[in-house]
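Coordinate analysis (summary)
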Amino acid sequence: MAALKQIICPKCLAKLKFDPDKITAEVVKFKCPNCKTVLSIRKPPAQKEPPSPLPPELSKPDTGPVSETQGADTPDQPQKPNDKI
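As a starting point, this report considers the structure included with it.

Criteria and thresholds
- Residues numbered from 1 in each chain as written.
- Predicted model: local features only at pLDDT ≥ 70, side-chain atom pairs only at ≥ 80, totals over all residues.
- Heavy atoms only, no water.
- Helix = DSSP H or I, 4+ residues; strand = E, 2+ residues; numbered from the N terminus.
- Buried < 20%, exposed > 50% of the residue type's maximum accessible area, 1.4 Å probe, protein only.
- Contact = heavy atoms within 4.5 Å.
- Areas by Shrake-Rupley, 256 points an atom, 1.4 Å probe, with all protein chains shown as cover.
- Pairing = 2+ DSSP bridges.
- Disulfide = S-S within 2.5 Å.

With respect to the overall build of the protein chain
A tally of regular secondary structure across the protein chain gives one helix and four strands. Each helix and strand of the protein chain, ordered N terminal to C terminal, gives the series β-β-β-β-α. By the burial criterion, 14% of the 85 residues in the protein chain qualify as buried. Within the protein chain, contacts between residues at least 6 apart in sequence are counted, and of these 14% link residues at least 24 apart. In the form shown here, the protein chain has an accessible surface area of approximately 8,400 Å², with 54% of it arising from carbon and sulfur atoms.

Let's talk about the pairing of strand S4 (residues 38–42)
Residues Leu-39 and Ile-41 of S4 are buried on one face, while the alternating residues Val-38, Ser-40 and Arg-42, pointing to the opposite face, are not. Note: strand S3 (residues 27–31) against S4, five bridges, orientation antiparallel. For Val-28, the partnering residue across the bridge sits in S4 and is Ile-41. In textbook terms, the turn of a hairpin is the stretch between consecutive antiparallel strands, and for S3 and S4 this stretch comprises six residues, one of which, Lys-36, has a positive phi near 70°.

Remarks on the pairing of strand S1 (residues 5–8)
A regular strand carries its side chains on alternate faces of the sheet. Alignment of S1 against strand S2 (residues 15–18), held across four bridges, turns out to be antiparallel. By the bridge assignment, Ile-8 is partnered in S2 with Lys-15. Connecting the antiparallel pair S1 and S2 is a turn made up of six residues, with Leu-13 showing a positive phi of about 65°.

A short note on unusual backbone geometry
Located in the positive-phi region is Leu-13, a residue other than glycine, with phi close to 65°. With respect to the helices and strands, the residue Leu-13 is situated in the loop between S1 and S2. Phi is positive for Lys-36, which is not a glycine, with a value near 70°. Tracing the backbone shows Lys-36 in the loop between S3 and S4.

A look at the state of the cysteines
The final tally for this structure, using the stated rule, is zero disulfides. No disulfide involves Cys-9; its sulfur sits 3.6 Å from the nearest other cysteine sulfur, which is in Cys-35. With a relative accessible area of 0%, Cys-9 lands in the buried category.

Observations concerning the environment of Asp-19
With respect to the helices, strands and loops of the structure, Asp-19 is situated in the loop between S2 and S3. Taking the relative accessible area as the measure of exposure, Asp-19 reaches 13% and is therefore buried.

Here it is as structure tokens:
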């Protein structure tokens, strides 16, 4: 359960507490229990978890040494021979 948040009625200054996890709509409107002023609460923005950093062994692929037949301009996919009939 998240910590309770507090809203203060601008008319009667009543301190009202609410659970932000229970807000399901983008905006929730309700009446102050003391003075009946209509108040609204916006849904808090979704908190994104920061992506976990990759371990060093996964951060860069190990391509190994480049041989004479495998140059930098060699395509990733093997080329098919041209079979013309």
